[in-house]
Amino acid sequence: MNRKSKRLLVRFLFLCLVLAALIGAFTAALAQAGEMAQDSGANVFPFNLLTDFLGSQGVDGASTTIELILLLTILTLVPSILVMMTSFTRIVIILSFTRNAMGTQQTPPNQVIVGLALFLTFFTMYGPITEIMNNAWVPYRAEEIEVDEAFDRAVGPLRQFMYDQIRLQNNSSDLREFLILSKRDMPSESLDEIPTHILIPAFITSEIKTAFRIGFYIFIPFIVIDMIVASALMSMGMMMLPPVMISLPFKIMLFVLVDGWNLVVTSIIKGFGG
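Residues numbered from 1 in each chain as written. Predicted model: local features only at pLDDT ≥ 70, side-chain atom pairs only at ≥ 80, totals over all residues. Heavy atoms only, no water.

## Let's talk about the overall build of the chain
Part 1 of the reasoning: Secondary structure summary: the chain contains eleven helices and zero strands in total.
Part 2 of the reasoning: In the chain, buried positions account for 31% of the 274 residues.
Part 3 of the reasoning: Residue pairs at least 24 apart in sequence account for 66% of intrachain contacts in the chain once pairs closer than 6 positions are excluded.
Part 4 of the reasoning: Counting every atom, the chain has about 17500 Å² of accessible surface; 68% of that belongs to carbon and sulfur. (Helix = DSSP H or I, 4+ residues; strand = E, 2+ residues; numbered from the N terminus. Buried < 20%, exposed > 50% of the residue type's maximum accessible area, 1.4 Å probe, protein only. Contact = heavy atoms within 4.5 Å. Areas by Shrake-Rupley, 256 points an atom, 1.4 Å probe, with all protein chains shown as cover.)

Structure (structure tokens):
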């Protein structure tokens, strides 16, 4: 091992020690806050959130540190669950296609596109989210069901949503393909017989395919405007003038006159059966 590799190894070990010390200090502070809450009856939010989520009634040294790490790991997976198991993927791709078709570069900016897609996702997923809250989260908070049953009840509405969207968009071939790739003896299209690890990639593939199909339809009117402007400039001998500079105002004007954003958003929501 050369000197550079040794330095990198020492730095890595030092960072690990610092991270362990920070976790230990945070755990100790959390334990102290929990003891204060139990003694005084006060409501300490981080401690109560941790105990409610993990179902623990106290802090037990190293085990609580492991539970805290597991909780943070689960929280890091939440964005992936939001993107891959909801309507977010299709919505954000369609909105990106719309912006690219108009040729407005970074207008609207990425933050606006993602924010709009996020709230449209909440709108289209209101039914499954409500069902998860009523059937899984509320009974679990009331200690009426265990963690395993709460998880099964929470996954059920998401599985039904993904399955319905695959069938609604006529993309059952994606589901059959993943069933065949999983080497199941008797591939079935019944939801109860489809494992979640097969349903999720089939749903993602279906959503991307649907979003690209809608994006193609969005591009058509803007391409027609570009072709008309390019032909007009060529006929006038203005070949050195970029057609985009002339077509962009016309595309924006057309999009505003037909209330394009309202049409796009309405079409997206109706595409989910809303």
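## Describing the packing of aromatic side chains
Here a ring pair, both rings aromatic, is described through the centre-centre distance and the interplanar angle of the planes.
Part 1 of the reasoning: Evaluation of the coordinates by the stated rule reveals eight aromatic pairs.
Part 2 of the reasoning: Ring centres of F222 and F255 lie 6.0 Å apart, and the angle between their planes is 40°; this geometry places the pair in the tilted category. With F222 in helix α9 (residues 196-235) and F255 in helix α10 (residues 243-257), this residue pair connects regions lying 33 residues apart in the sequence.
Part 3 of the reasoning: On the accessibility criterion, F222 (5% relative accessible area) is buried.
Part 4 of the reasoning: By the ring-pair criterion, three or more aromatic residues cluster together here, those being F97, F212 and F219.
Part 5 of the reasoning: Its guanidinium or amino end placed over the ring of F272, R90 lies 3.9 Å from that ring's centre, counting from NZ or CZ. (Phe/Tyr/Trp six-rings, centres within 6.5 Å; stacked < 30°, edge-to-face > 60°. Lys NZ or Arg CZ within 6 Å of the ring centre and 35° of its normal.)

## What to know about the nonpolar core
The nonpolar side chains of a soluble globular protein tend to be buried with one another.
Part 1 of the reasoning: In terms of nonpolar packing, the biggest core is built from 38 residues, with I91, L95, L175, L199 and I268 touching the most fellow members.
Part 2 of the reasoning: With nine residues, the single largest contributor to this core is helix α4 (residues 88-102).
Part 3 of the reasoning: Here L175 is in contact with Y163, I166, I194, I198, L199 and A202, once residues within four sequence places are set aside. (Core = buried A, V, L, I, M, F, W, Y, C linked by side-chain atoms within 4.5 Å.)

## Overview of α10
Given 3.6 residues per helical turn, the α-helix brings residues three or four places apart onto the same face.
Part 1 of the reasoning: Between the first and last C-alpha of α10 there are 21 Å, a value that for 15 residues agrees with the 21 Å anticipated at 1.5 Å per step.
Part 2 of the reasoning: All of the buried residues in α10 are S247, K251 and F255. What you see down the axis of α10 is that its buried residues fit within an arc of 75°, all on one side. In α10, the exposed positions angled more than 90 degrees off the buried face are occupied by M245, V256 and L257.
Part 3 of the reasoning: Turning to α10, the residues buried within the fold contact α4, α9 and α11 (260-271).
Part 4 of the reasoning: Just downstream of α10, D259 is the residue with a positive phi angle, here 55°. (Expected span 1.5 Å × (residues − 1). Arc of directions from axis to C-beta.)

## Notes on unusual backbone geometry
Part 1 of the reasoning: Within the chain, N170 stands out as a residue other than glycine whose phi angle is a positive 55°.
Part 2 of the reasoning: Positionally, N170 belongs in the loop between α7 (147-168) and α8 (172-181).
Part 3 of the reasoning: In this structure N170 comes out as exposed when scored by relative accessible area, which is 65%.
Part 4 of the reasoning: Backbone geometry places D259, a non-glycine residue, at a positive phi of 55°.
Part 5 of the reasoning: Residue placement: D259 occurs in the loop between α10 and α11.
Part 6 of the reasoning: Its relative accessible area of 41% is what places D259 among the partly exposed residues.

## Looking at a nonpolar patch on the surface
Part 1 of the reasoning: On the surface, a nonpolar cluster with roughly 760 Å² of combined accessible area is contributed by M245, I246, F250, M253, L254, L257, V258 and L263.
Part 2 of the reasoning: Assignment of secondary structure puts L254 in helix α10. (Patch = residues over 30% accessible without salt bridge, like charges linked within 9 Å, V, L, I, M, F, W, Y side chains within 5 Å. Salt bridge = Lys/Arg side-chain N within 4 Å of Asp/Glu carboxyl O.)

## A short note on α7
Part 1 of the reasoning: When the terminal C-alpha atoms of α7 are compared, their 32 Å separation across 22 residues agrees well with the 32 Å that a helix rising 1.5 Å per residue should span.
Part 2 of the reasoning: By the burial criterion, the buried members of α7 are A150, V155, P157, L158, R159, F161, M162, Y163, Q165 and I166.
Part 3 of the reasoning: Where α7 is buried, its residues contact α4, α6 (126-141), α8, α9 and α11.
Part 4 of the reasoning: Of the residues flanking the end of α7, it is N170, one or two places downstream, whose phi is positive at about 55°.

## Notes on the side chain of T124
Part 1 of the reasoning: With respect to the element layout, T124 can be found in helix α5 (residues 110-124).
Part 2 of the reasoning: You can call T124 buried: its relative accessible area is 16%.
Part 3 of the reasoning: Here T121 takes part through its backbone oxygen, which lies 3.1 Å from a polar atom of the side chain of T124.
Part 4 of the reasoning: Look past the residues within four positions of T124 in its chain and what remains in contact with it is S87, I91, I269 and F272. (Polar contact = N/O pair within 3.5 Å; in protein donor to acceptor, adjacent residues only side chain to side chain.)

## What to know about the side chain of N171
Part 1 of the reasoning: By secondary structure assignment, the location of N171 is in the loop between α7 and α8.
Part 2 of the reasoning: Reaching out from N171, the side chain makes a polar contact with the side chain of S206 at a distance of 2.7 Å.
Part 3 of the reasoning: Residue contacts for N171: discarding those within four places in its chain leaves I166, S206, K209, T210 and R213.

Coordinates in, geometry out; function isn't part of it.
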